Amino acid sequence: MSTAISTTAEVGQHQASAHPARWGGVFAMTLCVFALIASEFMPVSLLTPMAADLRVSEGAAGYGIAISGAFAVLTSLSISALAGRMDRKTLLLGLTGLMAVSGGVVAVAPNYFVYMLGRALIGVVIGGFWSMSAATAMRLVPAERVPRALAVFNGGNALATVIAAPLGSYLGSVIGWRGAFFCLIPVAAVALAWQWISLPSMTAARSNGSNNVFRLLKHRSVALGMAACGAFFMGQFALFTYVRPFLETVAHVSVSTLSLILLGIGVAGFIGTAMIGAVLKRGVYRALIVIPVLMAAVALALIPFGASVRAVAALLALWGLLATAAPVGWWSWIAGTMPDDAEAGGGLMVAVVQLAIALGSTAGGMLFDSSGYRSTFAASAAVLLVGAFVTLLTSRSQTPRVSREQ
């Protein structure tokens, strides 16, 4: 999940302590965030050559994102129970090592089954890592430094968003898509070594509440909000997963132009992440309603303007600006709605987002293979508009803030 890490409520749950700040551990985790985001969405920029080499359709190759999302859902909902009292440093090291294994499995995959197996492994890493990342930051630095640590984490996410897709496209054209995935292995290895050196031992914290995150869904505002969030990410990835084949078959761009357009999406996303804070101050719900509406308009505009490279580049840059900023808004919603239970709410949102990505990329692939890009983009717009409407319903919900006792 291209998933941002930031909740004010989580910071508030972090008890003050006298332990020194371990910024080396924070930066090691940030490198891991970068490698994880790059691994998760590398297929987006390499979909066409991967499909040709594995002898499957582009839609089937896109299912590699769907299966990683599905396994991320299962892992995010079960990682705490499965890990039990395991030292969290050991668990994080194991997940980082598994990320390197996943890259290797995909890179040498002789067939579609092995490719999907490698993508399933990265899904396990995604679900486990994102479920623990914020809590880990809280144990690496004193309470007053947690916001800064989370900002550094988000920097790794934003950097990967900016350069991963265009870099993957460029490497794929130079050393092949397998070589691009091989390049992820040394990055994961460096992150593993850095974490081994810099992370302290972190015993599992005892939980005072139920580990069942689904208990939160009994609250109307939470249920509606999670549905709206899921619709947003489903609509986003129904389109974004198939950007490369659209650019190659409709806009007829060269590999170099493709890389520039993907870079433009990433840079615009970085700008959007920097700007969204000021927008959210004017109203979280307003932003969460307007963003999917604008993205739906972009999706529909791509249909008639698909043959114009300049128009497509501009529209996709606007898409990146909006899509990358939106998760920050949803994390702000978590903080406002569940100030006393943000960790459980965040875990539930990780599952919702990854499930939505899996469903969106799968549905988009089916439509892309059967009916072409027009139906895929129209469906994306429709789901985004549904998300905006459900967000409006969420904003009108009068359910009080959720607390741990409720």
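Just above, that's the structure.
Thresholds, definitions, all that
- Along each chain, residues carry numbers from 1 onward, in the same order as the chain's sequence is written.
- Given that the model is predicted, a residue must reach a pLDDT of at least 70 before its local features are reported, and side-chain atom pairs must reach 80 or more before they are shown or counted; all residues, however, enter totals for whole chains, interfaces and linings.
- Computation of side-chain values covers all heavy atoms of the structure but excludes hydrogens and water.
- Runs of H or I in DSSP of at least four residues are treated as helices and runs of E of at least two as strands, each being numbered from the N terminus.
- When accessible area is computed with a 1.4 Å probe and restricted to protein chains, residues below 20% of their type maximum are described as buried, those above 50% as exposed, and intermediate ones as partly exposed.
- Polar contact criterion, stated in full: a pair of N or O atoms within 3.5 Å, where within protein one must be able to donate a hydrogen and the other to accept it, and residues adjacent in sequence count only if both atoms are side-chain atoms.
- Residue contacts follow a heavy-atom distance rule, with two residues in contact if any of their heavy atoms lie within 4.5 Å.
- How far a helix is expected to stretch is found by multiplying one less than its residue total by 1.5 Å.
- Working definition: the arc comes from the directions between the helix axis and the C-beta atoms, pointing outward to the latter.
- A pair is scored as a salt bridge if a Lys or Arg side-chain nitrogen falls within 4 Å of a carboxyl oxygen belonging to Asp or Glu.
- Buried Ala, Val, Leu, Ile, Met, Phe, Trp, Tyr and Cys residues that are joined via side-chain atoms within 4.5 Å together make up what is termed a nonpolar core.
- A pair of Phe, Tyr and Trp rings is counted when the ring centres sit within 6.5 Å of each other, with Trp represented by its six-membered ring. The angle between the planes then sorts it: under 30 degrees is stacked, over 60 is edge-to-face, the rest tilted.
- Only the stretch in contact is used when a helix axis is fitted, and all axes are lines through C-alpha atoms; the angle between N-to-C directions ranges over 0 to 180 degrees.
- Less than a right angle of anticlockwise turn of the near helix away from the far helix marks a crossing as left-handed, whereas a clockwise turn marks it as right-handed.
- For this scheme, ten residues count as nonpolar: Ala, Val, Leu, Ile, Met, Phe, Trp, Tyr, Cys and Pro. Four count as charged, namely Asp, Glu, Lys and Arg, and the remainder, Gly too, count as polar.

Colleague: Before we move on, could you go through the side chain of Ser198 and cite the residues and values that matter?
Modeller: With respect to the helices and strands, Ser198 occurs in helix H7 (residues 184-198). Overall, the relative accessible area of 15% leaves Ser198 in the buried class. One polar contact links the side chain of Ser198 to the main-chain carbonyl oxygen of Gly24, over a distance of 3.5 Å. Among the polar contacts made by the side chain of Ser198, one reaches the main-chain carbonyl oxygen of Trp194 at a distance of 2.6 Å. With near-sequence residues (within four places) excluded, Ser198 lies in contact with Arg22, Gly24, Gly25 and Ala28.

Colleague: If you had to explain H7 to someone new, which residues and values would you point to?
Modeller: Relative to the 21 Å expected for 15 residues at 1.5 Å per residue, H7 spans 21 Å between its end C-alpha atoms, a close match to the ideal helical length. Those residues of H7 that fall on the buried side of the exposure criterion are Leu184, Ala188, Ala191, Gln195 and Ser198. The buried side chains of H7 occupy one side of the element, clustering within an arc of 105° when seen end-on. Every exposed residue of H7 that faces more than 90 degrees away from the buried side is listed here: Trp196 and Ile197.

Colleague: Which residues make up the pattern of salt bridges, and what are the values?
Modeller: Within this structure, the stated rule accounts for 2 salt bridges. Residue Asp53 is joined to Arg178 by a salt bridge in which the shortest nitrogen-to-oxygen separation is 3.1 Å. Of the two residues, Asp53 is situated in helix H2 (residues 23-54) and Arg178 in helix H6 (residues 146-182); the sequence distance between them amounts to 125 residues. Close ionic contact of Arg244 with Glu248 constitutes a salt bridge, the shortest N to O distance being 2.9 Å. Of this pair, Arg244 and Glu248 both sit in helix H9 (residues 243-251), 4 residues apart, roughly one helical turn. Judged by relative accessible area, which is 21%, Glu248 ranks as partly exposed.

Colleague: Describe the nonpolar core, listing the residues and the values that go with them.
Modeller: Counting residues in hydrophobic clusters, the biggest one holds 98 residues, and the most contacted among them are Met226, Leu247, Leu302, Trp319 and Trp330. The element best represented in this core is helix H12 (residues 309-337), accounting for 13 residues. Not counting chain neighbours up to four residues away, the residues in contact with Met226 comprise Leu217, Trp333, Ile334, Met338, Gly345, Leu348, Met349 and Val352. Membership of the second largest hydrophobic core comes to 20 residues, among which are Ala38, Ala109, Val114 and Ala164.

Colleague: Describe the packing of aromatic side chains, with residues and values.
Modeller: Aromatic rings considered in pairs are described by the distance between their centres and by the relative angle of their planes. One pass over the full model with this rule turns up 9 aromatic pairs. Between Trp177 and Phe181, the ring centres sit 6.1 Å apart and the planes meet at 85°, which makes this aromatic pair edge-to-face. Note that Trp177 and Phe181 are positioned in helix H6 at a spacing of 4 residues, about one turn of the helix. Both residues of the pair, Trp177 and Phe181, belong to the buried class. Centroid distance Tyr242 to Phe368: 5.6 Å. Interplanar angle 20°. Geometry classified as stacked. You can see Tyr242 sitting in the loop between helix H8 (220-240) and H9 and its partner Phe368 sitting in helix H13 (residues 342-371), a full 126 residues away along the chain. By the burial criterion, Tyr242 is buried, and Phe368 matches it. Members of the aromatic cluster, each reached through a chain of ring pairs, are Phe246, Tyr373 and Phe377.

Colleague: Give a detailed account of unusual backbone geometry, specifying residues and quantitative values.
Modeller: The backbone phi angle of Arg55 is positive, close to 60°, even though this residue is not glycine. Here Arg55 shows up in the loop between H2 and helix H3 (58-83). A relative accessible area of 79% places Arg55 in the exposed class. Here the phi dihedral of His252 falls at roughly 55°; this positive angle occurs in a residue that is not glycine.

Colleague: Describe the packing of H2 against helix H4 (residues 88-108), naming the residues involved and giving the relevant values.
Modeller: Direction vectors running N to C along H2 and H4 enclose 35°, while the axes themselves pass 11 Å from each other. Like other packed secondary-structure pairs, H2 and H4 cross with a definite hand, here left-handed. Residues Met29, Cys32, Ala35, Leu36 and Ser39 of H2 pack against Leu92, Thr96 and Met99 of H4. Of the residues belonging to the contact of H2 with H4, the class tally is 6 nonpolar, 2 polar and no charged.

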